[in-house]
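Fold and geometry: a report
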Amino acid sequence: MSVLLALALQVAAQPTRPQRQVSKADLNAMADACHAPRSWLVLRGREVVFRGSPNADFAKIECVLKKVSAVVPMNKNGFIGNAQASEEK
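This section reports on the structure supplied with the text. For clarity, every value in this text was computed on a predicted model and none was experimentally measured. (Residues numbered from 1 in each chain as written. Predicted model: local features only at pLDDT ≥ 70, side-chain atom pairs only at ≥ 80, totals over all residues. Heavy atoms only, no water.)

Describing the overall build of the protein
If you tally the helices and strands in the protein, you get three helices and two strands. Order of helices (α) and strands (β) in the protein, N terminus to C terminus: α-α-β-β-α. The buried share of the protein, reckoned over its 89 residues, is 18%. Intrachain contacts of the protein at a sequence separation of at least 6 include 41% that bridge at least 24 residues. (Helix = DSSP H or I, 4+ residues; strand = E, 2+ residues; numbered from the N terminus. Buried < 20%, exposed > 50% of the residue type's maximum accessible area, 1.4 Å probe, protein only. Contact = heavy atoms within 4.5 Å.)

Take a look at the structure:
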């Protein structure tokens, strides 16, 4: 049991990695890699907003979301069908 406690303390004491800031250029590169419109990914402050077309190819949507989730921590997600996200917060 003490070995588990020591391991847990060691893991807890490790410094967390600083969050990488994503730029509009990063988002453009992700969209380009998936052959998706650049307008699908919008940077609003530190938040990445995905605005896919309602008629979009699901393979492109999946590709873009995989690319974004590989770089951006996706612990807060909100999906609203085909409705467009509002500009106001």
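A look at unusual backbone geometry
Although it is not a glycine, histidine 35 sits at a positive phi angle of roughly 55 degrees. Along the chain, histidine 35 turns up in the loop between helix 2 (24–33) and strand 1 (41–44).

Describing the pairing of strand 1
For strand 1 and strand 2 (residues 47–50), the ladder comprises four bridges, and the chain directions are antiparallel. Looking at the pairing, leucine 41 lines up with phenylalanine 50 of strand 2. (Pairing = 2+ DSSP bridges.)

Re helix 2
All of the buried residues in helix 2 are Leu27, Asn28, Met30 and Ala31. Looking down the long axis of helix 2, one finds its buried residues gathered within 160 degrees of arc, a one-sided arrangement. Of the residues one or two after helix 2, histidine 35 is the one with positive phi, at around 55 degrees. (Arc of directions from axis to C-beta.)

Things to note about helix 3 (residues 58–71)
In a regular helix each residue adds 1.5 Å, so 14 residues correspond to 20 Å; helix 3 covers 20 Å between its end C-alpha atoms and thus fits that length. The set of residues buried in helix 3 consists of Ile61, Val64 and Val68. In an axial view of helix 3, the angular spread of the buried residues amounts to 70 degrees, which keeps them on one side of the axis. What points out from helix 3, more than 90 degrees from its buried face, is the exposed set Phe58, Lys66 and Ala70. Buried residues along helix 3 sit against helix 2, strand 1 and strand 2. (Expected span 1.5 Å × (residues − 1).)

What to know about the state of the cysteines
All told, the structure shown has one disulfide when counted by the stated rule. One disulfide bridge connects cysteine 34 with cysteine 63, the sulfur atoms lying 2.0 Å from each other. Since a negative S-S torsion denotes a left-handed disulfide, the cysteine 34-cysteine 63 link at about -75 degrees is left-handed. Residue cysteine 34 is found in the loop between helix 2 and strand 1, and its partner cysteine 63 is found in helix 3; the two are separated by 29 residues along the sequence. Judged by relative accessible area, cysteine 34 falls into the buried class, the value being 5%. (Disulfide = S-S within 2.5 Å.)

Spatial relationships are all this shows, so hold off on functional conclusions.
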